[in-house]
Every structure is written in structure tokens, then in C-alpha cells.
Amino acid sequence: MTVRFAAVLAMGLVVATSGCGGAKDTAATAQAPSGTVAVSIKSANGTHAFAVELAKTAEEQERGLMFRTDIPENGGMLFAPYPPEGGPPRAANFWMKNTPSPLDILFIRADGTIARIAENTVPQSETLIPSGEPVSAVLELRGGRVLDLGISEGDRVTWSGGPR
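Let us look at the structure shown here. (Residues numbered from 1 in each chain as written. Predicted model: local features only at pLDDT ≥ 70, side-chain atom pairs only at ≥ 80, totals over all residues. Heavy atoms only, no water.)

1. Looking at the overall build of the chain
Alright, step 1. Across its full length, the chain holds two helices and eleven strands.
Alright, step 2. Sequence-ordered secondary structure for the chain, helices as α and strands as β, is β-β-β-β-α-β-β-β-β-β-β-α-β.
Alright, step 3. Buried positions account for 50% of the 164 residues belonging to the chain.
Alright, step 4. Of the contacts formed within the chain by residues at least 6 apart in sequence, a portion of 71% connects residues at least 24 apart. (Helix = DSSP H or I, 4+ residues; strand = E, 2+ residues; numbered from the N terminus. Buried < 20%, exposed > 50% of the residue type's maximum accessible area, 1.4 Å probe, protein only. Contact = heavy atoms within 4.5 Å.)

2. What about the environment of F94?
Alright, step 1. With respect to the secondary-structure elements, F94 resides in strand β6 (residues 93-95).
Alright, step 2. Taking the relative accessible area as the measure of exposure, F94 reaches 0% and is therefore buried.
Alright, step 3. F94 sits 33 residues away from T127 along the chain, and the two C-alpha atoms are 8.3 Å apart.

3. Concerning the sheet that holds strand β3 (residues 37-43)
Alright, step 1. Pairing in this open sheet of seven strands is mixed, and the strands run β8-β7-β10-β5-β4-β3-β11 from one edge to the other. The outermost strands of the open sheet, each flanked by one partner alone, are β8 (114-118) and β11 (156-159). Here the strands of the sheet are splayed against their neighbours by 30° on average, with no regard to which way each runs.
Alright, step 2. Where strand β7 (residues 103-108) lies against β8, four bridges are found, and the strand directions are antiparallel. The residue of β8 that forms the bridge with I105 is A118. (Pairing = 2+ DSSP bridges. Axes fitted to C-alpha atoms, helices over the stretch in contact; angles between N-to-C directions.)

4. Considerations on unusual backbone geometry
Alright, step 1. A cis amide bond links A80 with the next residue in sequence, P81, at an omega value of 0°.
Alright, step 2. For P81, the location among the structural elements is in the loop between β5 (77-79) and β6.
Alright, step 3. For the peptide bond that leads from Y82 to P83, omega is 0°, which places it in the cis range.
Alright, step 4. As for its placement among the helices and strands, P83 is situated in the loop between β5 and β6.
Alright, step 5. At N98, a position not held by glycine, the phi torsion is positive, near 65°.
Alright, step 6. Note that N98 resides in the loop between β6 and β7.

5. A closer look at the packing of aromatic side chains
Alright, step 1. All told, the structure shown has two aromatic pairs when counted by the stated rule.
Alright, step 2. With 5.6 Å between their ring centres and 90° between their planes, F79 and F94 make a pair best called edge-to-face. Placement of the pair is F79 in strand β5 and F94 in strand β6, with a sequence separation of 15 residues. There is no split in this pair, since F79 and F94 are both buried.
Alright, step 3. Ring centres 5.5 Å apart and planes at 85° place the aromatic pair F94 and F107 in the edge-to-face group. Taken together, the residues F94 in strand β6 and F107 in strand β7 connect sequence positions 13 residues apart.
Alright, step 4. For F107, a relative accessible area of 0% puts it in the buried group.
Alright, step 5. Each residue in the set F79, F94 and F107 is aromatic and connected to the rest through ring pairs, giving one cluster. (Phe/Tyr/Trp six-rings, centres within 6.5 Å; stacked < 30°, edge-to-face > 60°.)

None of this, on its own, says anything about what the molecule does.
Next up, the structure:
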């Protein structure tokens, strides 16, 4: 799965790419495999653990997971910090250009709560998917996982080096 996103910044347009996979509904105590970061989402029905790739630089966020179809079920991509150059949270817009599978895109506030979820985004679409407010991170998961796991806006997302 892949996704390409466009991040609208105050002074211009930055185009980047990313992708994701889903996760199992498990306790967030699992350790992430090498090369990934452990992410947990605490929802009304439990804590869900993910092992996702981290895109922290502008180059990594531009490349993301574009054209990849090998995303593990409990994988994905976390864009943190967002924006990559640091500073205060900013509004974000993602798109699905060059992305063959639907994704769930979670826009995360500085306090770690989910501001907005775009579920089952349309593959290959160039329509912008807005965060709706300034965010400090974005998490992409396999399309349908949010519904499967009962993840909602307002749920809390944590990861090493992220909000606690």
C-alpha cells in the first residue's frame, strides 16, 4: 500500500509521499521490530499496538511508502515530527496519488489525541484530504483498520519520543 500526500504549509506547498498497513487489536506492550517504532492507540474498546516505519525528515516524508505493496498487517507509517522541520503544528493535506490501496489516515494533535480520521481513502485520488486543524503527527494504517478496531477521533496515540 502507498499514499502520496501534499502538506500545505503557511508559506507554500510541500509534496511528499507515504503509505501504511494495519494493526492487530493487542496490548501496546509489544516491542516494535528493528527499523520501526511501536505506536499504541488507546480506544474505548482497548489498546491497539502497531509497529510502523518512521518518516521524520522532509526527504523521508516526501518518499514515504509510495508504490509499495508489502506493508505488514500491523505496519504503517508515522510522520513525526510534523512538519519535518519542527516548529508548531500545522494544517496538513494528504492525497492518494500513486497509492493502489485504501488507507486510514489519522491526523494527530500535539497532545497525542486524534483530531481527524480519513477512513478508506480512495486509491489513486489526487483529491486533498485535510487534517481540519493544525497537527504535529500523522499516522497511516491499512484502509478499514480504524473501523475494525473501533478507533475514533479523540482517542490517544503514543509512541517513543511522542506525546505521553
